[in-house]
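Structure at a glance
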Amino acid sequence: MMAKSARNKTIDFDLDHAPAGVLEQMLTAGDDLTSRDAVLDHSINGDSFKILPQLPDGFADLALIDPPYNLDKRYDGLKFKHLNDHDYQTYTQRWIDLVKPKLKPTASIYVFADWQTSIAIAPILAQNFTIKNRITWQREKGRGAKTNWKNGMEDIWFLTQDDKEYTFNVDQVKQRRQVIAPYRENGKAKDWQESAAGRFRDTMPSNFWDDISIPYWSMAENTGHPTQKPEKLLAKVILASSNPGDVILDPFAGAGSSLVTAKKLNRHFVGVEQSKLYTAWGIYRLQLADQDKTIQGYADGVFWERNTGALQRRISKK
Ligand SMILES: C[S@@+](CC[C@H](N)C(=O)[O-])C[C@H]1O[C@@H](n2cnc3c(N)ncnc32)[C@H](O)[C@@H]1O
């Protein structure tokens, strides 16, 4: 096996080499999962279709749902097979029927999908929730295609249980942008701030997210999971649609990205993941979050544009 470069921070231990405490903290179907106290701030290893019915009802303020997209994909040896649209809709309705009883009446739900999966699930989501928005996340990476446009985006559906009563903290998800053409009125900066480190403006967040890259090998959050979501992306969702102390449910938790981000932002969480290995990586990341609560790309209460690391560091020091 090739040795990893010193800058490669990827978490990819195997189960025989799990760090101390990781396997001991993992819950499974055999544990008592029926009370809020038993499951709060835990990662459960098992099949969500079997675990969800065991969980207490009405505990979640926010559900983050990142299921297998409708593609052939292997997750730690377990294969998800592409379904026809009708069957993927049936699969979607199955998890909705199990997730919905776990939600508070004021809960929000975010569902991740690629554009093809989105076409199939949109009517099902509309039948079960209020659709508030469809966010486009522009990913940097994507596989090139010779006979089609390369896919460089994903959909994130923002849904609520109630049309009017739900949490949305717009001031907590502002984006800090460098000002290219600073405008002054009567000699004073208009809607931007001047600092020795540069000029910037905190802008209202839109439904087009072009400031978040996928995790890569030199980032502390990176794991061996094939479709891991970035903490910066989950931080936006969690800050906008929950409050400190709220509970976040993730029934397809993968390497625990949403759980770790929830912990870093002082929210509670309950995660379910079918792969024991991915669950272990997630629990290890939760352990690391005891020491380090930083989220790359989010600092001083604002989200930063891509490639502004140097500016970020200068402003953060002031
Ligand atoms: C798209 S990935 C989620 C990645 C996750 N958001 C992250 O950042 O690591 C989907 C995950 O769902 C898991 N999964 C698929 N079917 C499942 C089921 N029935 N119960 C629990 N987990 C499941 C897969 O193993 C995979 O890790």
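So, a few notes on the structure that sits alongside this text. In this text the structure is predicted, and so the values were computed from the model without any measurement. Sequence order as written defines residue numbering, which begins from 1 separately in each chain. Local features are withheld for residues below a pLDDT of 70 in this predicted model, meaning they are given only at 70 or higher, and side-chain atom pairs are given and counted only at 80 or more; totals for whole chains, interfaces and linings count all residues. Computation of side-chain values: all heavy atoms of the structure, hydrogens and water removed.

Section: the overall build of the chain
Heads up, the condition is: Put simply, DSSP marks the helices as runs of H or I at least four residues long and the strands as runs of E at least two long, and each gets a number from the N terminus on. Burial classification: accessible surface area is computed with a 1.4 Å probe over protein chains only, and a residue below 20% of its type maximum counts as buried, one above 50% as exposed, and the rest as partly exposed. Two residues form a contact once any of their heavy atoms are found within 4.5 Å. All accessibility values rest on the Shrake-Rupley procedure with a 1.4 Å probe; residue burial counts only the protein chains present in the view. When charges are counted, Lys and Arg contribute as positive and Asp and Glu as negative, whereas His and the chain ends are disregarded. Where a charge lies is defined by one atom per residue type, namely NZ (Lys), CZ (Arg), CG (Asp) and CD (Glu).
When helices and strands are tallied, the chain shows nine helices and 18 strands. Taking the principal axes of its C-alpha atoms as reference, the chain extends roughly 65 × 50 × 50 Å. Classification of the 318 residues of the chain by burial places 48% in the buried group. For the chain, contacts bridging at least 24 residues in sequence account for 69% of all contacts bridging at least 6. With an accessible surface of roughly 16,100 Å², the chain has 49% of that area assigned to carbon and sulfur atoms. Across the chain, the mean location of the 43 positive side-chain charges is 8 Å away from that of the 40 negative side-chain charges.

A closer look at the site of the ligand
Our working rule: Note on terminology: near, applied to a residue and a molecule or strand, indicates that one of the residue's heavy atoms is within 4 Å of it. In protein, a polar contact requires one atom able to donate a hydrogen and another able to accept it; more generally it is a pair of N or O atoms within 3.5 Å, and residues adjacent in sequence count only if both atoms are side-chain atoms. Each residue is assigned to one of three groups, with Ala, Val, Leu, Ile, Met, Phe, Trp, Tyr, Cys and Pro labelled nonpolar, Asp, Glu, Lys and Arg labelled charged, and all others, Gly among them, labelled polar.
Among the 21 residues in the neighbourhood of the ligand, the closest are listed as Ser48, Asp66, His225, Ser257 and Glu273. For the ligand, an oxygen atom lies 2.8 Å from a polar atom in the side chain of His225. One of the backbone nitrogen or oxygen atoms of Lys229 is found 2.8 Å away from an oxygen atom of the ligand. Coverage of the ligand by the protein amounts to 96% of the 610 Å² it exposes when considered alone. The class makeup of the residues in the shell around the ligand is nine nonpolar, eight polar and four charged.

Quick look at helix 4 (residues 85-99)
How we decide: To estimate how far a helix should reach, multiply one less than its number of residues by 1.5 Å. The directions from the helix axis to the C-beta atoms are what the arc is built from.
Its 15 residues give helix 4 an end-to-end C-alpha distance of 21 Å, which sits within 8% of 21 Å, the value for a rise of 1.5 Å per residue. Among the residues of helix 4, those classed as buried are Tyr88, Tyr91, Thr92, Trp95, Ile96 and Val99. One face of helix 4 carries all of its buried residues, which in axial projection span an arc of 135 degrees.

Some details on helix 6 (residues 231-241)
For an α-helix, 3.6 residues make a turn, and residues three or four places apart therefore share a direction. Burial within helix 6 is extensive, with 11 of its 11 residues counted as buried. Along helix 6, the residues that are buried comprise Glu231, Lys232, Leu233, Leu234, Ala235, Lys236, Val237, Ile238, Leu239, Ala240 and Ser241.

Considering the nonpolar core
Test applied: To define a nonpolar core, start from buried Ala, Val, Leu, Ile, Met, Phe, Trp, Tyr and Cys residues and group those joined through side-chain atoms within 4.5 Å.
Counting residues in each nonpolar core, the largest one holds 35 residues, and the members touching the most others are Ile44, Leu55, Trp95 and Val111. Elements represented by at least two residues in this core include exactly helix 3 (48-51), strand 3 (60-65), helix 4, strand 6 (103-113), helix 5 (115-128), strand 8 (153-160), strand 15 (247-250) and strand 16 (268-273).

Focus: the pairing of strand 15
Which entries qualify depends on this criterion: A pair of strands counts as paired when DSSP detects no fewer than two bridges linking them. Whether a crossover is right-handed comes down to one check: with the strands pointing away from the viewer, does the path from the first strand over the helix to the second run clockwise; if it does, it is right-handed.
Residues Val247 and Leu249 of strand 15 are buried on one face, and the alternating residues Ile248 and Asp250, pointing to the opposite face, are buried as well. As judged from the two bridges shared by strand 3 and strand 15, these two strands associate in the parallel manner. Residue pairing across strands places Ala63 opposite Leu249, the latter belonging to strand 15. Note that strand 15 and strand 16 share four bridges and pair parallel. Each residue of the ladder has a partner; that of Ile248, found in strand 16, is Phe269. In this region the chain leaves strand 15, passes through helix 7 (residues 257-264) and returns to the parallel neighbour strand 16; the handedness of that crossover is right-handed.

Concerning the packing of helix 7 against helix 8 (residues 276-288)
Test applied: Helix axes are fitted to C-alpha atoms over the stretch in contact, other axes to C-alpha atoms as well, and angles between N-to-C directions run from 0 to 180 degrees. Should an angle fall under 35 degrees it is taken as roughly parallel, and over 145 as roughly antiparallel, whereas 65 to 115 is taken as roughly perpendicular and any remaining angle as oblique. Handedness of a crossing is defined here by the sense of rotation of the near helix relative to the far one, left-handed for an anticlockwise turn of less than a right angle and right-handed for a clockwise turn.
At their nearest, the axes of helix 7 and helix 8 sit 9 Å apart, and the two run at 15 degrees to each other. Here helix 8 runs roughly parallel to helix 7, going by the angle between their axes. Helix-helix and strand crossings are classified by hand; for helix 7 and helix 8 the assignment is right-handed. Where helix 7 approaches helix 8, its residues Ser257, Leu259, Val260 and Lys263 are matched on the opposing element by Gly282, Arg285 and Leu286. A class-by-class count of the residues in the contact of helix 7 with helix 8 yields three nonpolar, two polar and two charged.

What about the packing of aromatic side chains?
Working definition: an aromatic ring pair is given by the centre-to-centre distance plus the angle between the planes. Put simply, the test is: Between 30 and 60 degrees the pair is tilted, below 30 it is stacked and above 60 it is edge-to-face, where a pair is any two Phe, Tyr or Trp rings, Trp via its six-membered ring, whose centres lie within 6.5 Å. Lysine NZ or arginine CZ positioned within 6 Å of the ring centre and within 35 degrees of the ring normal marks a charge as sitting over the ring.
Following the criterion strictly, the structure yields 10 aromatic pairs and no others. With a centroid separation of 5.6 Å and 55 degrees between ring planes, the pair formed by Phe49 and Tyr91 is classed as tilted. In this pair, Phe49 sits in helix 3 while Tyr91 sits in helix 4, placing the two residues 42 residues apart along the sequence. Neither Phe49 nor Tyr91 differs from the other in exposure class; each is buried. Through a chain of ring-to-ring contacts, the aromatic side chains of Phe49, Phe80, Tyr88 and Tyr91 assemble into a single cluster. For the cation-ring pair, Arg94 lies above Phe49, with the distance from its terminal atom to the ring centre recorded as 4.1 Å.

Looking at the sheet that holds strand 18 (residues 302-304)
Spatially, five strands are ordered 12-13-9-18-17 in an open sheet, and the strand pairing comes out mixed. The sheet is open, and its two borders are formed by strand 12 (193-195) and strand 17 (298-299), each paired with just one other strand. Note that strand 12 and strand 13 (residues 198-203) share three bridges and pair antiparallel. Opposite Gln193, over in strand 13, you have Phe200 as the bridge partner.

With respect to unusual backbone geometry
With a phi angle near 65 degrees, Asp41 is a residue other than glycine that sits in the positive phi range. Assignment of secondary structure puts Asp41 in the loop between helix 2 (36-39) and strand 2 (42-45). Residue Asp41 is classed as partly exposed on the basis of its relative accessible area, which comes to 33%. In this model, Asn266 sits at a positive phi of 65 degrees, which is unusual for a non-glycine residue. Position of Asn266 among the secondary structure elements: in the loop between helix 7 and strand 16.

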